[in-house]
Amino acid sequence: MSFDIAIVGGGPGGYTAAEEAAARGLSVVLFERDLVGGTCLNRGCIPTKALLHDAAPDASFEAMHARKQAVVLQLRQGIEKLLKQRKVTLVRGQATIEAPGVVSCDGQTYEARDIVVATGSAPSTIPVPGVELPGVYSSNDLLEGEGVQLSSLVIVGGGVIGVEFATMYASLGARVTILEATDRILPPFDREIAQRVAMHLKKHGVAVEASARVTGIQGEPGALTVSYVDKRGNEKAVEAEGVLVACGRHANTEGLFSASLAPELTRGALVCDAAGHTSVAHLWAIGDVVAGNIQLAHVAEAQGRNVVAAICGDDPLVETGIVPSCVYTSPEVASVGLTESEAKAQGMAVRTAKALTGANGKCLVEGSESGFVKLVADASTGTILGAQLVCPRATDLVAELALAISLGCTATQLAAVIHPHPTVSELVSSAARALVQ
Ligand code: NAD
């Protein structure tokens, strides 16, 4: 069978590329070995957000997981329907890229002019004794199916997954401890944001240990002990029913290429240029499988559209230089563009201003936790360079700031836009005004 494009992997990158290619009239074959929707839909973004939405001390664990499954199923069926409408050939199975333009799956050979790798990533493990013990989980284990009910949990890794699971299990009344290797949780985020999130987590009973070096895990499910060395060099141990390892994700390339095909890889991830070309002609890659990529569904989706445009000889459809990042803690966190320290590290002179939730009517009405919107602007032109938010609905508000940065808006222009009252969005106009005053 012969197609214009073969796409390996049906996550947000792969299915978006398939949809874009089919909409352009290209014939498309999409290979998926598991469930359409990939990590994001089946064991990532969507299930966590459904569970976080429902988590409360009196919530039924079974009901939470049942609703999560219903949401996931509805979305998955929607994607499958759309692919069918667009006449994308969906092949369920493990695909192998045999040669440029040739993919095999379950003994069948498929030919395509261009191949797009969109195989995503999987949770990484850590080289610590006991990490393979039953009761030590990855985010996949805790999100799939019925979930795992735990009254106490140690989370190794205080990144995005770590703090979201801490928020969820603490909301259910579990005793949660985060052990983070670096000197603070959420290392890539603005320091002030990380401090604020740590403060809120602690307020909700989560123990946060930064600069902790995990040395081993012992015991059995229901009674595990995690040993670590704390920031002062003291050996410590913490007990819990379960352990979550959330120390990053690695690219899925194992067994993907035949022995005769060797595109350039770095630590198992595909090396690509900005357009998504790998080192092999007509072999492209998008999303988490690409070396150095920001591992976010919306990045994969954007690259999915852009790679199809590139294959067709067109300019990129989506600007991938400005990527909002969101963390679904309580309150939510979002960031886009440069932080103050990143701008200074690049030698830029910046001004910053903050609007506090304590002075925002809607936040006070809702009794929201303390937070802020912080804007970073070029000191001489006032052009908005970045924004960091920790406030209710930060993950929605950040879209306005991504637009402002993408259009090159100045603080004066942002302050000149009427924001509805009373809303959390007024924090944006307040921060913009504070920058120009
Ligand atoms: P991450 O890179 O965000 O965080 C991993 C954390 O683990 C880091 O803080 C790191 O310092 C720490 N760590 C590493 N080794 C350690 C060790 N041995 N002991 C203790 N700490 C250790 O990775 P993640 O949280 O696993 O998430 C994976 C990817 O998925 C990320 O790219 C993330 O952005 C993405 N993701 C995004 C969302 C979202 O957008 N809301 C949600 C979940 C995951």
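If you're wondering where the values come from, they're calculated on a predicted model, not measured in any experiment. (Residues numbered from 1 in each chain as written. Predicted model: local features only at pLDDT ≥ 70, side-chain atom pairs only at ≥ 80, totals over all residues. Heavy atoms only, no water.)

Novice: Let's hear about the packing of aromatic side chains: which residues, and what values?
Specialist: If you walk through the whole model with that rule in mind, you get one aromatic pair. Aromatic pair Phe31 and Tyr110: ring centres 5.0 Å apart, planes at 80°, arrangement edge-to-face. Placement of Phe31 in strand β2 (residues 28-32) and of Tyr110 in strand β6 (residues 108-117) is noted, with a sequence separation of 79 residues between them. Classification of Phe31 by relative accessible area gives buried; the value is 1%. According to the relative accessible area criterion, Tyr110 is buried, its value standing at 7%. Just above the ring of Phe372 sits the side chain of Lys354; from NZ or CZ to the centre is 4.9 Å. (Phe/Tyr/Trp six-rings, centres within 6.5 Å; stacked < 30°, edge-to-face > 60°. Helix = DSSP H or I, 4+ residues; strand = E, 2+ residues; numbered from the N terminus. Buried < 20%, exposed > 50% of the residue type's maximum accessible area, 1.4 Å probe, protein only. Lys NZ or Arg CZ within 6 Å of the ring centre and 35° of its normal.)

Novice: A description of the pairing of β6 should follow, citing residues and the corresponding values.
Specialist: Relative to β6, strand β1 (residues 2-8) runs parallel, the two sharing six bridges. Looking at β6, one finds that Ala6 is bridged to Ile115. In the sheet, strand β5 (residues 102-105) pairs with β6 via four bridges, with the strands oriented antiparallel. Bridge pairing links Val103 to Tyr110 in β6. (Pairing = 2+ DSSP bridges.)

Novice: Give me the lowdown on the environment of Ala194, citing residues and values where you can.
Specialist: With respect to the helices and strands, the residue Ala194 is situated in helix α7 (residues 191-203). Classification of Ala194 as buried rests on a relative accessible area of 2%.

Novice: So what about the site of the ligand? Which residues, and what values?
Specialist: Residues in contact with the ligand amount to 22 residues; listed here are only the nearest, Ile161, Glu164, Glu180, Gly248 and Cys326. For the ligand, an oxygen atom lies 2.8 Å from a polar atom in the backbone of Gly248. Contact with the protein chains removes 76% of the 840 Å² of surface that the ligand exposes when unbound. Take the shell around the ligand: its biggest share by element is three residues, from helix α6 (residues 160-171). Broken down by class, the residue content of the shell around the ligand amounts to 12 nonpolar, six polar and four charged. Counting the residues that make up the shell around the ligand, at least three belong to each of domain 1 (2-123 + 250-311) and domain 2 (136-247). (Near = heavy atom within 4 Å. Polar contact = N/O pair within 3.5 Å; in protein donor to acceptor, adjacent residues only side chain to side chain. Areas by Shrake-Rupley, 256 points an atom, 1.4 Å probe, with all protein chains shown as cover. Nonpolar A, V, L, I, M, F, W, Y, C, P; charged D, E, K, R; others polar. Domains from an automatic or database assignment.)

Novice: An account of the pattern of salt bridges is needed here, citing residue identities and associated values.
Specialist: Across all of its chains, the model carries 22 salt bridges by this definition. Between Glu19 and Arg86 there is a salt bridge whose closest N-O contact spans 3.9 Å. Residue Glu19 is found in helix α1 (residues 12-23), and its partner Arg86 is found in the loop between α4 (61-85) and β3 (89-92); the two are separated by 67 residues along the sequence. Classification of Arg86 by relative accessible area gives partly exposed; the value is 33%. With its nearest N and O atoms 2.8 Å apart, the salt bridge here joins Arg24 to Asp314. Residue Arg24 is located in the loop between α1 and β2, and its partner Asp314 is located in the loop between α8 (297-311) and β20 (325-327); the two are separated by 290 residues in the primary sequence. (Salt bridge = Lys/Arg side-chain N within 4 Å of Asp/Glu carboxyl O.)

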